[in-house]
Amino acid sequence: MWGGATAANQFEGGWNLGGKGLSVSDVVRAHFDTDVKNYEKHTSITSEDIEEALKHLDDEVNYPKRHGSDFYHHYKEDIALMAEMGFKTYRMSIAWSRIFPNGDDEIPNEEGLQFYDDVFDELRKYKIEPLVTMSHYEPPLNLVLNYDGWYSREVVDFFVKYVETICTRYKDKVKYWLTFNEVDSMIRHPYTTGGLVRDRFEGKNFDEVIFQAMHHQFVASALATKICHEIIPDSKVGCMLTKLTYYPYTCKPEDVLEAQQMMRKTYAYSDTQVFGEYPAYLLSYFKNNGINIRKEAGDDEVMKTYPVDFVSFSYYMSSCAAADTTGLDITPGNTILAVKNPHLETSAWGWQIDPIGLRISLVELYDRYRKPLFIVENGLGAKDVLTEDNQVHDSYRIDYLRKHFKCMLDAIIEDGVELWGYTSWACIDLISESTKQISKRYGYIYVDIDDYGNGTYNRYRKDSFYWYKKVIANNSLDFE
Ligand code: BGP
C-alpha cells in the first residue's frame, strides 16, 4: 500500500473552527530566532508558556500549528492530488479536540464528526484506504489544565469514549488504525505526547510521572484495540514507534553494549504493545530508579489480552552510540542528539541519511515481533525553492527516497520481511514538529506559505510528485 502521511496537529489548521477545542499543539509557540538544531527550546513547555498562548488567541504567526497547511479548507484539492499520484492509502490523524473539544465533554461535536465523514468520503471516491492515527500530539488542552494530562487515570476513560465514538461513526469507512503516534516519544517530549507540564509536578519524580502517563497510554491503547475489533471486526490496529537506530561507534565491547542499551530504550515500548507486558529490562529500570507505577486491577490482563495486530514506525535517520563521547561530534536526529557517524551524510537539519538503516530496522523489527510491518513515516526535510514558474526541482528528495525504497525492496525480497505499506512523511508540506517551521519541507506537494504563514496556500507539484507517481504505477523502481 503506497501512500503518504500527515497529522492534524501540523497539517489540518481550522484550529478554532467547526466547534474544535484547543489541543496541546495549538499553544506551542515557534522560536524562529533559535538554532534549528536546538530541540530543548521547542519541546519544553511551561505553564507560563501556555498562559501566554491563551492571551494570544488571535496570533497564528507565532503559533503556526494553528493554521498548519489548512487541509481543513483544502482537503478536496489535496485528496485529488494524492489520487493523481496513485495513492492506495493515506495516513492521517483525527484531532481529538475536534470531536471532544474539552476531552471530557458529555457529547461529541457533530460538526467535527461530519468533517472527517467528508474527508473519508472523499478518499473513498478515489479508492484511497485511510490509515487513521487516533492520537498524534493532539490531547485536548483542557485535559492538561484540569487533569494533568495522561498522568491522570480519568484520561483513559475519556480516551475510551473518544475511541468508541470514532469507531462507531466510521466503522464502514476506516479499517486501519494506529492508537498513539510514537508512544515512546513521551520520554523525549512529555508535553506534546502526554500533556505533561513539568512545573505542575513539583516535588514528584518526573521520570515516574512520565512512566505513569505512559502506563495509562498502554492500557488505553489495549482498550482501543479491543473496542476497534468489537465494533469493526475486520479492522487492524497497530502501534507506532519512533524507530531510532544506533550503531556502535567502534567495535569496542563498551560501545557495542552502549548501542544495545540505546536500542532497548527504543524497543521498550513496542515490546510492551506487541507482547502485552513490560519487558524485564524495563521492569529492572523501574526498580533500580525507584519508579513505582500505579496499576488498577485488570490492567495487566487488558494489556496481555489485546496486543496490536501490526507494528508501524517512523524511520528517518540513524545515529552512533559510544560509551565515552568525549571529543566526538554530536549531531541531531529525530528529537535526539547523538554521536555523528563519519560514514553518513547529513540533512540540512543534521539528521544522518542512512537507507541501509531502514533495511536493518525492518529486519530487526520483523525478527523480533513476527508481525506485519508498516512504514508510516519516512522522508527528507529540506529547504525547497519554488521557481518563478511554480516548480520545485527536488532531485535530492528523489535521491533519498530511491535509496530507501531500494533497501525496502531488499528487505522484502531478500530478507522475507512482511511489509504492508509505506506512507512517506509528509506527502504535502506541513509544520515541522521539532522546529515549527514549514521551511523544513517534506512533501511531494509544495504549500505556498512561509514560516510566518504568509502566502497563498496554493499547492504545487514538485519533481518528486511525478517520480513517486511512476513508482506507484509500476510498483517498482524499474521504470528508471
Ligand atoms: C515524527 C513525528 C511527526 C513529524 C516527523 C518529522 O517524529 O511523528 O509528527 O513531524 O517526526 O519530524 P520534524 O517535523 O521534527 O522534522
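This text follows the structure it describes.
Throughout what follows, the structure given in this document is the object of discussion. Keep in mind that this is a model prediction, so the values were computed, not measured.

What counts and how
- Residues numbered from 1 in each chain as written.
- Predicted model: local features only at pLDDT ≥ 70, side-chain atom pairs only at ≥ 80, totals over all residues.
- Heavy atoms only, no water.
- Patch = residues over 30% accessible without salt bridge, like charges linked within 9 Å, V, L, I, M, F, W, Y side chains within 5 Å.
- Areas by Shrake-Rupley, 256 points an atom, 1.4 Å probe, with all protein chains shown as cover.
- Salt bridge = Lys/Arg side-chain N within 4 Å of Asp/Glu carboxyl O.
- Lys, Arg positive; Asp, Glu negative; His and termini not counted.
- Charge placed at Lys NZ, Arg CZ, Asp CG, Glu CD.
- Helix = DSSP H or I, 4+ residues; strand = E, 2+ residues; numbered from the N terminus.
- Buried < 20%, exposed > 50% of the residue type's maximum accessible area, 1.4 Å probe, protein only.
- Near = heavy atom within 4 Å.
- Polar contact = N/O pair within 3.5 Å; in protein donor to acceptor, adjacent residues only side chain to side chain.
- Nonpolar A, V, L, I, M, F, W, Y, C, P; charged D, E, K, R; others polar.
- Disulfide = S-S within 2.5 Å.
- Pairing = 2+ DSSP bridges.
- Axes fitted to C-alpha atoms, helices over the stretch in contact; angles between N-to-C directions.
- Bend = angle between axes of the 7 residues up to and from the residue.
- Phe/Tyr/Trp six-rings, centres within 6.5 Å; stacked < 30°, edge-to-face > 60°.
- Lys NZ or Arg CZ within 6 Å of the ring centre and 35° of its normal.
- Expected span 1.5 Å × (residues − 1).
- Contact = heavy atoms within 4.5 Å.

A word on a negative patch on the surface
For step 1, the next point in the chain: Residues Glu48, Asp49, Glu51, Asp199 and Glu202 make up a contiguous surface patch of negative charge.
For step 2, the next point in the chain: By the element assignment, Glu48 lies in helix H3 (residues 47-55).
For step 3, the next point in the chain: Residue Glu48 is classed as exposed on the basis of its relative accessible area, which comes to 63%.

Side note on the site of the ligand
For step 1, the next point in the chain: Around the ligand sit 15 residues, and of these Glu182, Glu433, Ser434, Lys440 and Tyr442 come closest.
For step 2, the next point in the chain: Between an oxygen atom of the ligand and a side-chain N or O atom of Tyr442, the distance comes to 2.6 Å.
For step 3, the next point in the chain: The fraction of the free accessible surface of the ligand (380 Å²) that becomes covered by protein chains is 99%.
For step 4, the next point in the chain: Grouping the constituent residues of the shell around the ligand by class yields five nonpolar, six polar and four charged.

Description of the state of the cysteines
For step 1, the next point in the chain: Inspection of every chain in the model, using the stated rule, returns zero disulfides.
For step 2, the next point in the chain: No disulfide involves Cys228; its sulfur sits 3.7 Å from that of Cys167, the nearest cysteine.
For step 3, the next point in the chain: Free of any disulfide, Cys407 has its nearest cysteine sulfur in Cys320, 17 Å distant.

As for the sheet that holds strand S7 (residues 310-314)
For step 1, the next point in the chain: The eight strands lie next to each other as S1-S2-S3-S4-S5-S7-S13-S14, forming a closed barrel whose pairing is parallel. Taken over all neighbouring pairs, the strand axes of this sheet differ in orientation by 25° on average, direction set aside.
For step 2, the next point in the chain: Looking at chain direction, strand S4 (residues 176-180) and strand S5 (residues 236-242) are connected through three bridges and run parallel. Counted as the bridge partner of Trp177 is Val237 from S5.

Side note on helix H11 (residues 253-275)
For step 1, the next point in the chain: A bend of about 40° at Tyr267 is the largest found in H11.
For step 2, the next point in the chain: Along H11, the positions that sit buried rather than exposed are Asp255, Ala259, Met263, Thr266, Tyr267, Ala268, Tyr269, Ser270, Asp271, Thr272, Gln273 and Val274.
For step 3, the next point in the chain: With its phi angle positive at about 75°, Gly276 sits one or two positions after the end of H11.

Observations concerning the pairing of S7
For step 1, the next point in the chain: The element S7 is extensively covered by neighbouring structure, given that five of its five residues are classed as buried.
For step 2, the next point in the chain: Burial of S7 is two-sided: the residues Phe310, Ser312 and Ser314 facing one way and the residues Val311 and Phe313 facing the other way are all buried.
For step 3, the next point in the chain: Where S5 and S7 come together, five bridges link them in parallel fashion. Bridging from a neighbouring strand, Gly238 pairs with Phe310 of S7.

Here we look at the packing of aromatic side chains
For step 1, the next point in the chain: In total, this model carries 37 aromatic pairs according to the counting rule given.
For step 2, the next point in the chain: With 4.7 Å between their ring centres and 40° between their planes, Tyr72 and Phe115 make a pair best called tilted. Separated by 43 residues along the polypeptide, Tyr72 in helix H4 (residues 71-85) and Phe115 in helix H6 (residues 110-125) bring together distant segments of the chain. As far as burial versus exposure is concerned, Tyr72 and Phe115 are alike and both buried.
For step 3, the next point in the chain: Three or more aromatic residues joined by ring pairs make a cluster, and in this case those are Trp2, Phe87, Phe405, Tyr422, Tyr444, Trp467 and Tyr468.
For step 4, the next point in the chain: Between the NZ or CZ atom of Arg461 and the centre of the ring of Phe465, over which it lies, the distance is 5.5 Å.

Brief notes about H6
For step 1, the next point in the chain: Over its 16 residues, H6 extends 22 Å from the first C-alpha to the last, a length consistent with the 22 Å expected when each residue adds 1.5 Å.
For step 2, the next point in the chain: Those residues of H6 that sit buried are Gly112, Leu113, Phe115, Tyr116, Asp117, Val119, Phe120, Glu122 and Leu123.
For step 3, the next point in the chain: For H6, the elements touching its buried residues are helix H1 (8-11), H4, strand S2 (89-93), helix H5 (96-99), strand S3 (129-135) and helix H8 (154-169).
For step 4, the next point in the chain: Two residues or fewer after H6 comes Lys127, characterised by a positive phi angle close to 60°.

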